[in-house]
Amino acid sequence: MAASLVLAEVRDGVALARMNGADGRNVLVPELRDALAGALEAADADPEVRCHVVAGGDDAFAAGADIAAMREQDFQAALRAPAARFWPRLRALRKPIVAAVSGYALGGGCELALACDLVVASETAVFSQPEVGLGILPGGGGTQRLARQLGRQRAMELVLTGRGLTAHEAQQLGLVNRVAPADGWLEAATELAGTIARRSGLAVELAKRAVLAAEETSLTAGLAQERDLFVLAMAGEDRVEGMTAFLEKRRAVFRGR
Ligand code: COA
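Treat the numbers as computed from the prediction; the structure is a model and nothing was measured. (Residues numbered from 1 in each chain as written. Predicted model: local features only at pLDDT ≥ 70, side-chain atom pairs only at ≥ 80, totals over all residues. Heavy atoms only, no water.)

## A word on the packing of helix H4 (residues 83-91) against helix H5 (residues 108-115)
- For the pair H4 and H5, interaxial distance at closest approach is 10 Å and the crossing angle is 20°. Comparing the axis directions of H4 and H5 gives the class roughly parallel. For the element pair H4 and H5, the recorded crossing hand is right-handed. On the side of H4, the interface is formed by Phe86, Trp87 and Leu90, while H5 contributes Gly108, Glu111, Leu112 and Ala115.
- Each residue belonging to the contact of H4 with H5 can be placed in one class, and the counts come to five nonpolar, one polar and one charged. (Axes fitted to C-alpha atoms, helices over the stretch in contact; angles between N-to-C directions. Helix = DSSP H or I, 4+ residues; strand = E, 2+ residues; numbered from the N terminus. Parallel < 35°, antiparallel > 145°, perpendicular 65-115°, else oblique. Left-handed = near helix turned anticlockwise from the far one by under 90°. Contact = heavy atoms within 4.5 Å. Nonpolar A, V, L, I, M, F, W, Y, C, P; charged D, E, K, R; others polar.)

## Describing the pairing of strand S1 (residues 6-11)
- Both S1 and strand S2 (residues 14-19) contribute to a ladder of six bridges, which runs antiparallel. Paired with Val10 across the two strands is Ala15, which belongs to S2.
- Between the end of S1 and the start of S2, which pair antiparallel, lie two residues, with Asp12 showing a positive phi angle near 50°. (Pairing = 2+ DSSP bridges.)

## Re the site of the ligand
- The environment of the ligand is made up of 13 residues, and the closest members are Arg25, Ala63, Ala65, Ile67 and Pro130.
- Ala63 places a main-chain nitrogen or oxygen 3.0 Å from a nitrogen atom of the ligand.
- The contact in question runs from a nitrogen atom of the ligand to an N or O atom on the backbone of Ile67, over 2.9 Å.
- Computed on the free molecule, the ligand has an accessible area of 860 Å², of which 51% lies beneath the protein chains in the complex.
- Mapped by element, the contributors of at least two residues to the shell around the ligand are helix H2 (67-72) and strand S6 (104-106).
- Residues that form the shell around the ligand fall into these classes: nine nonpolar, one polar and three charged. (Near = heavy atom within 4 Å. Polar contact = N/O pair within 3.5 Å; in protein donor to acceptor, adjacent residues only side chain to side chain. Areas by Shrake-Rupley, 256 points an atom, 1.4 Å probe, with all protein chains shown as cover.)

## A short note on the domain arrangement of the chain
- What the domain assignment reports for the chain is domain 1 (3-197) and domain 2 (201-247).
- At the junction of the two partners, domain 1 supplies 10 residues and domain 2 supplies seven residues.
- Taken together, both faces of the contact between domain 1 and domain 2 bury some 820 Å²; the carbon and sulfur share is 45%.
- When the buried area of domain 1 at its contact with domain 2 is split by residue, Arg91, Arg94 and Asp117 rank highest and sum to 53% of it.
- Applying the counting criterion to the domain 1 and domain 2 interface returns four salt bridges.
- Between Arg91 and Glu215 there is a salt bridge whose closest N-O contact spans 3.3 Å.
- In terms of residue class, the side of domain 1 that touches domain 2 is made up of four nonpolar, no polar and six charged. (Domains from an automatic or database assignment. Buried area = accessible area lost by both parts, 1.4 Å probe. Salt bridge = Lys/Arg side-chain N within 4 Å of Asp/Glu carboxyl O.)

## Brief notes about the sheet that holds strand S7 (residues 118-122)
- Read across the open sheet, the six strands follow the order S1-S2-S3-S5-S7-S10; overall the sheet is mixed. The strands lining the two open edges of the sheet, one partner per strand, are S1 and strand S10 (178-180). When the angles between neighbouring strand axes are averaged without regard to direction, this sheet yields 20°.

## With respect to the state of the cysteines
- Summed over the entire model, instances satisfying the criterion amount to zero disulfides.
- The closest cysteine sulfur to the non-disulfide-bonded Cys110 is located on Cys116, 11 Å from its own sulfur.
- A disulfide-free cysteine, Cys116 has its sulfur positioned 10 Å from the sulfur of Cys51, the nearest such atom. (Disulfide = S-S within 2.5 Å.)

## Remarks on the pattern of salt bridges
- For the structure shown, the criterion picks out 15 salt bridges.
- The salt bridge partner of Arg11 is Glu9, with a shortest N-O separation of 3.2 Å.
- Between Arg250 and Glu248 there is a salt bridge whose closest N-O contact spans 2.8 Å.

## Concerning a nonpolar patch on the surface
- On the surface, a nonpolar cluster with roughly 320 Å² of combined accessible area is contributed by Ile67, Met70, Leu134 and Ile136.
- Here Leu134 shows up in the loop between strand S8 (126-128) and helix H6 (142-150). (Patch = residues over 30% accessible without salt bridge, like charges linked within 9 Å, V, L, I, M, F, W, Y side chains within 5 Å.)

## Topic: the sheet that holds S6
- In spatial order, the strands read S4-S6-S8-S9; together these four strands make up an open sheet with mixed pairing. The sheet is open, and its two edges are formed by strand S4 (60-62) and strand S9 (165-166), each paired on a single side.
- When S8 meets S9, the two strands line up antiparallel, connected through two bridges. Counted as the bridge partner of Val126 is Thr166 from S9.

Given below as C-alpha coordinates:
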(Lines give C-alpha, C1' and ligand atoms only; values in the text may rest on other atoms or scores of the structure.)
Protein backbone atom coordinates (compact mmCIF):
# COMPACT_ATOMS: atom_id res chain seq x y z
CA MET A 1 0.00 0.00 0.00
CA ALA A 2 1.24 3.51 -0.82
CA ALA A 3 2.50 5.51 2.16
CA SER A 4 0.19 8.24 3.32
CA LEU A 5 1.04 11.66 1.86
CA VAL A 6 0.33 13.37 5.16
CA LEU A 7 0.97 11.74 8.51
CA ALA A 8 -1.55 13.07 11.00
CA GLU A 9 -1.62 12.63 14.76
CA VAL A 10 -3.11 14.42 17.73
CA ARG A 11 -1.37 14.69 21.07
CA ASP A 12 -2.22 16.89 24.05
CA GLY A 13 -4.42 19.19 21.98
CA VAL A 14 -1.84 19.60 19.19
CA ALA A 15 -2.58 18.18 15.73
CA LEU A 16 0.55 17.43 13.73
CA ALA A 17 0.18 17.21 9.94
CA ARG A 18 3.48 16.04 8.53
CA MET A 19 3.94 16.13 4.77
CA ASN A 20 5.41 12.88 3.52
CA GLY A 21 5.77 13.30 -0.23
CA ALA A 22 7.25 10.31 -2.03
CA ASP A 23 10.31 12.25 -3.19
CA GLY A 24 11.31 13.55 0.25
CA ARG A 25 11.16 17.11 -1.14
CA ASN A 26 7.41 17.52 -0.72
CA VAL A 27 6.81 18.92 -4.17
CA LEU A 28 3.29 20.31 -3.81
CA VAL A 29 1.47 18.07 -6.24
CA PRO A 30 -2.36 18.29 -6.13
CA GLU A 31 -2.63 15.05 -4.13
CA LEU A 32 -0.29 16.38 -1.41
CA ARG A 33 -2.09 19.73 -1.24
CA ASP A 34 -5.48 17.97 -0.97
CA ALA A 35 -4.23 15.55 1.67
CA LEU A 36 -2.76 18.41 3.70
CA ALA A 37 -5.87 20.59 3.48
CA GLY A 38 -8.05 17.58 4.32
CA ALA A 39 -5.96 16.64 7.37
CA LEU A 40 -6.02 20.22 8.62
CA GLU A 41 -9.77 20.58 8.11
CA ALA A 42 -10.41 17.30 9.95
CA ALA A 43 -8.24 18.41 12.87
CA ASP A 44 -9.84 21.86 12.88
CA ALA A 45 -13.23 20.20 13.36
CA ASP A 46 -11.96 17.97 16.20
CA PRO A 47 -12.88 19.51 19.57
CA GLU A 48 -9.77 17.90 21.14
CA VAL A 49 -7.47 19.96 18.87
CA ARG A 50 -6.51 23.48 19.87
CA CYS A 51 -3.47 24.13 17.65
CA HIS A 52 -2.05 22.73 14.39
CA VAL A 53 1.56 22.04 13.45
CA VAL A 54 2.38 21.69 9.73
CA ALA A 55 5.75 20.08 9.07
CA GLY A 56 7.79 18.47 6.33
CA GLY A 57 10.92 16.37 6.68
CA ASP A 58 14.48 17.21 7.77
CA ASP A 59 15.62 18.08 4.23
CA ALA A 60 12.56 19.88 2.92
CA PHE A 61 9.49 21.55 4.27
CA ALA A 62 8.24 21.80 0.67
CA ALA A 63 10.07 22.45 -2.61
CA GLY A 64 7.15 24.28 -4.20
CA ALA A 65 4.85 23.52 -7.10
CA ASP A 66 5.55 20.70 -9.53
CA ILE A 67 7.69 22.41 -12.20
CA ALA A 68 7.43 19.49 -14.63
CA ALA A 69 3.62 19.55 -14.49
CA MET A 70 3.52 23.34 -14.69
CA ARG A 71 5.66 23.36 -17.80
CA GLU A 72 2.93 21.40 -19.60
CA GLN A 73 0.09 23.60 -18.37
CA ASP A 74 -1.48 26.08 -20.76
CA PHE A 75 -3.05 29.37 -19.80
CA GLN A 76 -6.55 27.88 -19.56
CA ALA A 77 -5.40 25.11 -17.23
CA ALA A 78 -3.57 27.64 -15.05
CA LEU A 79 -6.73 29.72 -14.85
CA ARG A 80 -8.73 26.73 -13.59
CA ALA A 81 -5.92 25.24 -11.48
CA PRO A 82 -7.15 23.74 -8.22
CA ALA A 83 -4.05 25.20 -6.49
CA ALA A 84 -6.02 28.42 -6.19
CA ARG A 85 -8.59 26.65 -4.03
CA PHE A 86 -5.94 25.33 -1.61
CA TRP A 87 -5.01 28.70 -0.07
CA PRO A 88 -8.54 29.76 0.94
CA ARG A 89 -8.95 26.36 2.63
CA LEU A 90 -5.94 27.15 4.83
CA ARG A 91 -7.19 30.66 5.48
CA ALA A 92 -10.55 29.27 6.66
CA LEU A 93 -9.00 27.23 9.50
CA ARG A 94 -10.12 28.59 12.86
CA LYS A 95 -7.32 27.21 15.01
CA PRO A 96 -3.76 28.56 14.91
CA ILE A 97 -1.21 26.88 12.64
CA VAL A 98 2.47 26.62 13.50
CA ALA A 99 4.74 25.91 10.53
CA ALA A 100 7.68 23.68 11.48
CA VAL A 101 10.24 24.31 8.74
CA SER A 102 13.40 22.31 8.20
CA GLY A 103 15.41 22.43 4.96
CA TYR A 104 13.94 23.96 1.81
CA ALA A 105 10.81 26.12 1.88
CA LEU A 106 10.77 27.22 -1.75
CA GLY A 107 8.07 28.82 -3.87
CA GLY A 108 4.75 27.39 -2.72
CA GLY A 109 6.62 25.89 0.25
CA CYS A 110 7.67 29.36 1.37
CA GLU A 111 4.12 30.58 0.74
CA LEU A 112 2.78 27.71 2.83
CA ALA A 113 4.98 28.79 5.76
CA LEU A 114 3.87 32.41 5.26
CA ALA A 115 0.22 31.32 5.30
CA CYS A 116 0.69 29.80 8.77
CA ASP A 117 0.21 31.89 11.91
CA LEU A 118 3.61 31.21 13.47
CA VAL A 119 6.84 29.78 12.06
CA VAL A 120 9.47 27.73 13.86
CA ALA A 121 12.52 27.08 11.68
CA SER A 122 15.41 24.70 11.95
CA GLU A 123 18.77 26.43 11.58
CA THR A 124 19.00 24.49 8.27
CA ALA A 125 15.90 26.16 6.80
CA VAL A 126 16.08 28.15 3.56
CA PHE A 127 13.17 30.37 2.53
CA SER A 128 12.89 31.58 -1.04
CA GLN A 129 10.49 32.68 -3.77
CA PRO A 130 12.50 31.59 -6.83
CA GLU A 131 9.63 31.88 -9.35
CA VAL A 132 11.06 34.72 -11.46
CA GLY A 133 13.91 32.38 -12.36
CA LEU A 134 11.30 30.10 -13.93
CA GLY A 135 9.58 32.88 -15.83
CA ILE A 136 6.61 33.17 -13.45
CA LEU A 137 5.87 34.89 -10.17
CA PRO A 138 4.57 33.66 -6.82
CA GLY A 139 0.92 32.72 -7.13
CA GLY A 140 0.09 31.45 -3.64
CA GLY A 141 0.17 34.69 -1.68
CA GLY A 142 3.95 35.29 -1.65
CA THR A 143 3.95 38.80 -3.09
CA GLN A 144 1.11 40.00 -0.87
CA ARG A 145 2.23 38.42 2.38
CA LEU A 146 5.89 39.40 1.97
CA ALA A 147 4.94 42.99 1.11
CA ARG A 148 2.69 43.22 4.14
CA GLN A 149 5.08 41.49 6.53
CA LEU A 150 8.39 42.94 5.37
CA GLY A 151 7.49 46.17 3.57
CA ARG A 152 7.74 46.87 -0.13
CA GLN A 153 11.51 47.18 -0.58
CA ARG A 154 12.42 43.94 1.15
CA ALA A 155 9.59 42.06 -0.55
CA MET A 156 10.73 43.44 -3.90
CA GLU A 157 14.27 42.21 -3.35
CA LEU A 158 13.18 38.69 -2.41
CA VAL A 159 10.57 38.35 -5.14
CA LEU A 160 12.62 39.97 -7.92
CA THR A 161 15.90 38.17 -7.18
CA GLY A 162 14.61 34.86 -5.78
CA ARG A 163 17.37 35.09 -3.18
CA GLY A 164 17.18 32.56 -0.33
CA LEU A 165 16.97 33.57 3.32
CA THR A 166 18.58 31.56 6.09
CA ALA A 167 16.54 30.83 9.19
CA HIS A 168 18.35 33.54 11.15
CA GLU A 169 17.87 36.13 8.38
CA ALA A 170 14.18 35.22 8.20
CA GLN A 171 13.93 35.62 11.96
CA GLN A 172 15.61 39.03 11.86
CA LEU A 173 13.11 40.12 9.22
CA GLY A 174 10.19 38.89 11.31
CA LEU A 175 9.15 35.95 9.12
CA VAL A 176 10.21 33.37 11.70
CA ASN A 177 9.27 33.31 15.37
CA ARG A 178 11.92 30.89 16.62
CA VAL A 179 15.04 29.24 15.24
CA ALA A 180 15.71 25.75 16.62
CA PRO A 181 18.67 23.36 16.36
CA ALA A 182 18.71 20.95 13.40
CA ASP A 183 17.87 18.03 15.68
CA GLY A 184 15.12 19.79 17.63
CA TRP A 185 12.99 21.80 15.18
CA LEU A 186 9.88 19.64 15.36
CA GLU A 187 10.00 19.48 19.15
CA ALA A 188 10.40 23.27 19.33
CA ALA A 189 7.38 23.78 17.07
CA THR A 190 5.31 21.24 19.00
CA GLU A 191 6.28 22.90 22.26
CA LEU A 192 5.14 26.30 21.00
CA ALA A 193 1.88 24.75 19.78
CA GLY A 194 1.54 23.00 23.16
CA THR A 195 1.73 26.33 24.97
CA ILE A 196 -1.12 27.64 22.79
CA ALA A 197 -3.07 24.39 23.30
CA ARG A 198 -3.04 24.87 27.06
CA ARG A 199 -4.90 28.18 26.74
CA SER A 200 -8.64 28.52 26.28
CA GLY A 201 -9.40 27.13 22.82
CA LEU A 202 -12.30 29.54 22.49
CA ALA A 203 -10.18 32.57 23.39
CA VAL A 204 -7.38 31.44 21.07
CA GLU A 205 -9.75 31.08 18.10
CA LEU A 206 -11.23 34.51 18.69
CA ALA A 207 -7.78 36.04 19.20
CA LYS A 208 -6.51 34.54 15.94
CA ARG A 209 -9.48 36.04 14.14
CA ALA A 210 -8.81 39.42 15.74
CA VAL A 211 -5.12 39.48 14.74
CA LEU A 212 -5.94 38.39 11.16
CA ALA A 213 -8.48 41.22 10.94
CA ALA A 214 -5.56 43.65 11.23
CA GLU A 215 -4.41 42.57 7.75
CA GLU A 216 -7.75 43.27 6.16
CA THR A 217 -9.17 46.37 7.78
CA SER A 218 -8.53 49.97 8.79
CA LEU A 219 -7.51 50.58 12.41
CA THR A 220 -10.97 51.85 13.35
CA ALA A 221 -12.73 48.84 11.80
CA GLY A 222 -10.15 46.48 13.32
CA LEU A 223 -10.58 47.94 16.78
CA ALA A 224 -14.35 47.59 16.47
CA GLN A 225 -13.94 43.97 15.38
CA GLU A 226 -11.57 43.28 18.28
CA ARG A 227 -14.10 44.76 20.70
CA ASP A 228 -16.88 42.52 19.32
CA LEU A 229 -14.66 39.43 19.60
CA PHE A 230 -13.71 40.45 23.15
CA VAL A 231 -17.39 40.70 24.11
CA LEU A 232 -17.97 37.30 22.48
CA ALA A 233 -15.22 35.81 24.66
CA MET A 234 -16.94 37.31 27.71
CA ALA A 235 -20.00 35.18 26.88
CA GLY A 236 -17.96 31.97 27.16
CA GLU A 237 -17.56 29.58 30.11
CA ASP A 238 -13.79 29.52 29.62
CA ARG A 239 -13.38 33.09 30.75
CA VAL A 240 -15.24 32.36 34.03
CA GLU A 241 -12.95 29.36 34.58
CA GLY A 242 -9.81 31.31 33.60
CA MET A 243 -10.54 34.20 35.90
CA THR A 244 -11.71 31.98 38.77
CA ALA A 245 -8.60 29.80 38.46
CA PHE A 246 -6.40 32.90 38.59
CA LEU A 247 -8.13 34.17 41.73
CA GLU A 248 -7.99 30.70 43.34
CA LYS A 249 -4.28 30.41 42.40
CA ARG A 250 -4.76 27.14 40.48
CA ARG A 251 -4.33 26.05 36.87
CA ALA A 252 -7.40 26.65 34.70
CA VAL A 253 -9.21 23.71 33.15
CA PHE A 254 -10.58 25.02 29.87
CA ARG A 255 -13.35 23.27 27.95
CA GLY A 256 -13.34 25.46 24.86
CA ARG A 257 -16.86 26.73 25.55
N1 COA B 1 9.12 20.42 -9.16
C2 COA B 1 9.45 19.35 -9.88
N3 COA B 1 10.58 18.63 -9.66
C4 COA B 1 11.39 19.04 -8.68
C5 COA B 1 11.10 20.18 -7.91
C6 COA B 1 9.90 20.88 -8.18
N7 COA B 1 9.53 21.96 -7.47
N8 COA B 1 12.09 20.34 -7.01
C9 COA B 1 12.97 19.36 -7.22
N10 COA B 1 12.55 18.57 -8.23
C11 COA B 1 13.22 17.40 -8.78
C12 COA B 1 14.38 17.74 -9.72
O13 COA B 1 13.91 18.01 -11.01
C14 COA B 1 15.20 16.49 -9.64
O15 COA B 1 14.61 15.51 -10.43
P16 COA B 1 15.50 14.31 -11.07
O17 COA B 1 15.98 13.50 -9.89
O18 COA B 1 14.54 13.58 -11.94
O19 COA B 1 16.63 14.98 -11.80
C20 COA B 1 15.03 16.06 -8.20
O21 COA B 1 13.84 16.67 -7.73
C22 COA B 1 16.18 16.48 -7.31
O23 COA B 1 16.44 17.86 -7.50
P24 COA B 1 17.93 18.42 -7.53
O25 COA B 1 17.85 19.85 -7.97
O26 COA B 1 18.79 17.52 -8.34
O27 COA B 1 18.31 18.26 -6.00
P28 COA B 1 19.13 19.25 -5.05
O29 COA B 1 19.19 18.54 -3.75
O30 COA B 1 20.38 19.69 -5.71
O31 COA B 1 18.20 20.55 -4.90
C32 COA B 1 16.19 21.77 -4.54
C33 COA B 1 16.94 20.48 -4.26
C34 COA B 1 14.79 21.59 -3.93
C35 COA B 1 16.91 22.96 -3.90
C36 COA B 1 16.12 22.02 -6.05
O37 COA B 1 15.64 20.85 -6.69
C38 COA B 1 15.24 23.17 -6.47
O39 COA B 1 15.67 24.31 -6.46
N40 COA B 1 13.99 22.86 -6.86
C41 COA B 1 13.10 23.85 -7.43
C42 COA B 1 12.44 24.69 -6.37
C43 COA B 1 11.56 25.75 -6.98
O44 COA B 1 11.95 26.52 -7.84
N45 COA B 1 10.31 25.80 -6.48
C46 COA B 1 9.36 26.78 -6.91
C47 COA B 1 8.50 26.22 -7.97
S48 COA B 1 7.34 27.44 -8.53
